[in-house]
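For reference, the chains in residue letters:
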Amino acid sequence: MGNERRRHARSASATAAALFLVGALLAGTALADTAIATKADPKIQAMLPAKLREAGKIRVASNVEYPPFEYFDTDNTTIIGLDKDLAEAIGQKLGVKLEFQHMSFDAIIPALAANRYDMAMSAMTDTEERRKKVDFVDYFTSGGGFLVKQGNPKNVHSLADICGISVAIDKGTTEIDDAKKASDDCVKAGKPEVSAKILPGTSQIVLALQAGRADVAMIDTSAGAYIAQQHKGTFEVPSTSYAPRHYGLVLPKGSDELTKALQASVQALIDEGTYGKILAKWGQEVGAIDKAMINDGQ
C-alpha cells in the first residue's frame, strides 16, 4: 500500500482492520441512532470567521471509508462514525453545520491547499511532514497497541511484556518491526524472544487470538478498541498506545481564526463531557485526550 494512503504512521494495519470490520457494520445504524447533543457557545461562535458565520456552514473533506471514525451506514449514503458525531457537536457549539464531502484520502490535503474545503476530518495523523502544508487541531490519540483476550491473562501492557509469548501480527505492517525490536530487547535482557506469527490480514490475527493460537495481537489501538467493542466480553485493549500519534482536524495554512475556533470548540466539548460520551459511544475511550492542541504531533 502506498505511503500516500496511510492515515497514520502505523502503515496498513488500520486499513486492513477497517476491511475486517465491514462485517460488523450492521451495528452502525443502532450506534448512529444514539444522538449526543450540546449547546451553542456565543463566545466561541464569535471566534469564527465572518464568512463562515454568514454561510452557516463549514465545508469538510473526508475519506468516508474508515470505521469507526467515518463510514457509510447500511444505506450507503448516510455518513456515520466518531468523526461525524464530533463534527455535529462542534457544529452545535459554533452554530453552523459541518458538511462532509467524500473523497480519496490522498486528495484531501491538495483539496485544502486549493481552497475547495475549509477543513478536513478523516482520522488523519498530525505529522511533521504534513504540517509543512496544513495545520492540525489534535483531538485523539492512536498508534501501535495490543488486543488481548478479556481479562488480559498474559498481563500485556507494553512491548516489554511480550517476551516469550506468541504474538499475531498483520503481514506488511510496521508492527512486525516493532515486535522484532522488542524481541531483540528481550534477548538482551536475558529473557525469551518474542514468538511472532505473521498472518495475512486482520481477520486472521483476530481468529488466531480467539482460538488461542496467539497470546496477543499487535494492532492500532483505535482498530483494536473497535474490534473489542464489536466482540463484547471477548477482547480488550489493555493500555494506551506504545507509539502514540495524534489525529487532528486538518486546516489550510493561514486559517488561524477557524483553527482557534475549532480548538476552543473541541476543548469545550472535552471539558463538559460531550467528547467523552462520543468516544464511549464508538468504543474509543483508549484514545481520549484532555487538552486540544494545535500542531502537537510528532
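Up top is the structure these notes are about.
Here's a quick rundown of the structure. (Residues numbered from 1 in each chain as written. Predicted model: local features only at pLDDT ≥ 70, side-chain atom pairs only at ≥ 80, totals over all residues. Heavy atoms only, no water.)

A tally of helices and strands in the chain yields eleven helices and 13 strands. Split into buried and exposed, the 298 residues of the chain put 53% on the buried side. Across the chain, contacts joining residues at least 24 apart in sequence account for 78% of those joining residues at least 6 apart. Of the accessible surface of the chain, which amounts to about 12,800 Å², a share of 50% is contributed by carbon and sulfur atoms. (Helix = DSSP H or I, 4+ residues; strand = E, 2+ residues; numbered from the N terminus. Buried < 20%, exposed > 50% of the residue type's maximum accessible area, 1.4 Å probe, protein only. Contact = heavy atoms within 4.5 Å. Areas by Shrake-Rupley, 256 points an atom, 1.4 Å probe, with all protein chains shown as cover.)

On to the packing of aromatic side chains, then. Throughout the structure, instances matching the rule amount to six aromatic pairs. Seen in terms of ring centroids, Phe69 and Tyr247 are 5.2 Å apart; in terms of plane orientation they differ by 75°. Their pairing is edge-to-face. Of the two residues, Phe69 sits in the loop between strand E2 (65-66) and strand E3 (70-72) while Tyr247 sits in strand E12 (residues 243-252), which places them 178 residues apart along the sequence. The buried category is assigned to Phe69, whose relative accessible area is 0%. Accessibility expressed as a relative area gives 0% for Tyr247, which makes it buried. (Phe/Tyr/Trp six-rings, centres within 6.5 Å; stacked < 30°, edge-to-face > 60°.)

A few words now on the state of the cysteines. Scanning the model with the defined rule gives one disulfide in all. Here Cys163 engages in a disulfide with Cys186; their sulfurs sit 1.9 Å apart. The disulfide joining Cys163 to Cys186 has a torsion of about -85° about its S-S bond and is therefore left-handed. Taken together, the residues span a long stretch of sequence, with Cys163 in the loop between strand E7 (134-149) and strand E8 (166-170) and Cys186 in helix H7 (residues 175-188) at a distance of 23 residues. Taking the relative accessible area as the measure of exposure, Cys186 reaches 3% and is therefore buried. (Disulfide = S-S within 2.5 Å.)

We now examine the pairing of strand E6 (residues 119-125). A large share of E6 lies buried, amounting to seven of its seven residues. Alternating positions in E6 separate into two faces, Met119, Met121, Ala123 and Thr125 on one and Ala120, Ser122 and Met124 on the other, with burial throughout. Where strand E1 (residues 57-62) and E6 come together, two bridges link them in parallel fashion. Opposite Val60, over in E6, you have Met119 as the bridge partner. As paired elements, E6 and E12 share three bridges and run antiparallel to each other. Opposite Thr125, over in E12, you have Tyr247 as the bridge partner. (Pairing = 2+ DSSP bridges.)

Counting across every chain of the model gives ten salt bridges. Between Asp85 and Lys281 there is a salt bridge, with the nearest N and O atoms lying 2.7 Å from each other. Here Lys281 lies in helix H11 (residues 274-281) and Asp85 lies in helix H5 (residues 82-94), a separation of 196 residues in the sequence. Among the ionic pairs, Glu129 bridges to Lys132, the shortest N-O distance being 3.1 Å. (Salt bridge = Lys/Arg side-chain N within 4 Å of Asp/Glu carboxyl O.)

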